[in-house]
Amino acid sequence: MPGRPSAVVFDVDGTLVDSERHGHRVAFNDAFAAFGLPHHWDEVRYGELLTVTGGQARLRTFLSSCGYPEAEVERLAAELHQYKTERFRQLCDEAQIPARPGVRELLDDVASANFTVAVATTGSRSWVEPLLDRLFGLERFSCIVAGSEVTERKPAGEVYTVTCDRLGVAPYQAVAVEDSAVGLQSAQEAGLPCLVVVNDYTRDDDVSGAALVVDAFRQATVLQGPLTLLDEGAVTADTIAAIGAHAAA
Ligand code: XBP
Ligand code: MG
């Protein structure tokens, strides 16, 4: 296929895994409780806080908004995030963080179609690697770029630019798979065409710049873009190839 892309780059939180509502949010709340702080992020409030990418930055923004002295915010955010990350790793080890339905089948399909597969996430490598290994096997991924390896997190494009550089591909030769407006902005800034698979937190995001928007990887409904890119309601390697070829044309 002319202009067929050679790589597919997956976001993690909300895309490969259903990790925010009953995962990260629970770990943040357990950190507040462990430190004796009177804070609890309910599901609605957490959805609002997700516009700040990076768990430590999310804590910093929240603590500042609560009126904590600036000198205390940095230290407290770092200490809370360290606890939270360890707690989230426990949740991963207890199999509490599931893959999204259909993700394993898509990973199998793109591997069979000889795509190079990578990950570009804002999440912390200390939980990203063990979680991806447990759910999918790390051998599937040619490279994993995590939040701590870039100076600017999503929506900046750096994480995708670094990933393409490490893969040795031009941005138009890769397709990004994301769940949110923030992730789409990052892929677009780096020059990658993007498939957005929304979830219950990002369904109302403005993702108008995506090549295709669906609500799932299997039994999917197309929310934006050509219906023909799905194969019996499923996102497949052919979907990824068609998105990339269209962008390269
Ligand atoms: C989503 C994020 C992450 C997670 C929390 O990352 O913004 O910060 O919410 O993980 P992505 P950390 O969608 O890019 O995978 O606490 O480790 O940041
Ligand atoms: Mg995400």
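Quantities reported herein were computed from a predicted structural model and do not represent experimental measurements.

A. The arrangement of the coordination of the magnesium ion (ligand 2) in detail. Note on the magnesium ion (ligand 2): its protein donors are Asp11 (OD), Asp13 (O) and Asp179 (OD). The metal-donor distances range over 2.2 to 2.3 Å. Sequence spacing among the residues donating to the magnesium ion (ligand 2) works out to D-x1-D-x165-D. Looking at Asp11, the relative accessible area reads 4%, which means it is buried. A relative accessible area of 12% places Asp13 in the buried class.

B. Region of interest: the side chain of His81. Note on placement: His81 falls in helix H4 (residues 70-93). Here His81 falls in the buried class, since its relative accessible area comes to 10%.

C. The arrangement of the pattern of salt bridges in detail. Per the stated rule, a full pass over the model turns up 14 salt bridges. Two residues, Glu79 and Arg75, come together in a salt bridge whose shortest N-O distance is 3.1 Å. A residue pair is termed a helical-turn pair when its members lie 3 or 4 positions apart in one helix, as Glu79 and Arg75 do in helix H4 at four residues. Given a relative accessible area of 33%, Glu79 falls into the partly exposed group. You can call Arg75 partly exposed: its relative accessible area is 42%.

D. Here's a closer look at the sheet that holds strand S6 (residues 212-214). The mixed open sheet is built from seven strands, whose spatial order is S3-S2-S1-S4-S5-S6-S7. Sheet topology places strand S3 (143-145) and strand S7 (222-224) at the edges, where each strand pairs with a single neighbour. Mean inter-strand twist for the sheet, computed between neighbouring axes without regard to direction, equals 25°. Each of strand S2 (116-120) and S3 touches helix H6 (residues 125-135); the most contacted strand, S3, lies at about 145° to it.

Thresholds applied
- Residues numbered from 1 in each chain as written.
- Chains lettered and ligands numbered in written order.
- Predicted model: local features only at pLDDT ≥ 70, side-chain atom pairs only at ≥ 80, totals over all residues.
- Heavy atoms only, no water.
- Donors = N, O, S within 2.8 Å, 3.2 Å for Na, K, Ca; no water.
- Buried < 20%, exposed > 50% of the residue type's maximum accessible area, 1.4 Å probe, protein only.
- Helix = DSSP H or I, 4+ residues; strand = E, 2+ residues; numbered from the N terminus.
- Salt bridge = Lys/Arg side-chain N within 4 Å of Asp/Glu carboxyl O.
- Pairing = 2+ DSSP bridges.
- Axes fitted to C-alpha atoms, helices over the stretch in contact; angles between N-to-C directions.
- Contact = heavy atoms within 4.5 Å.

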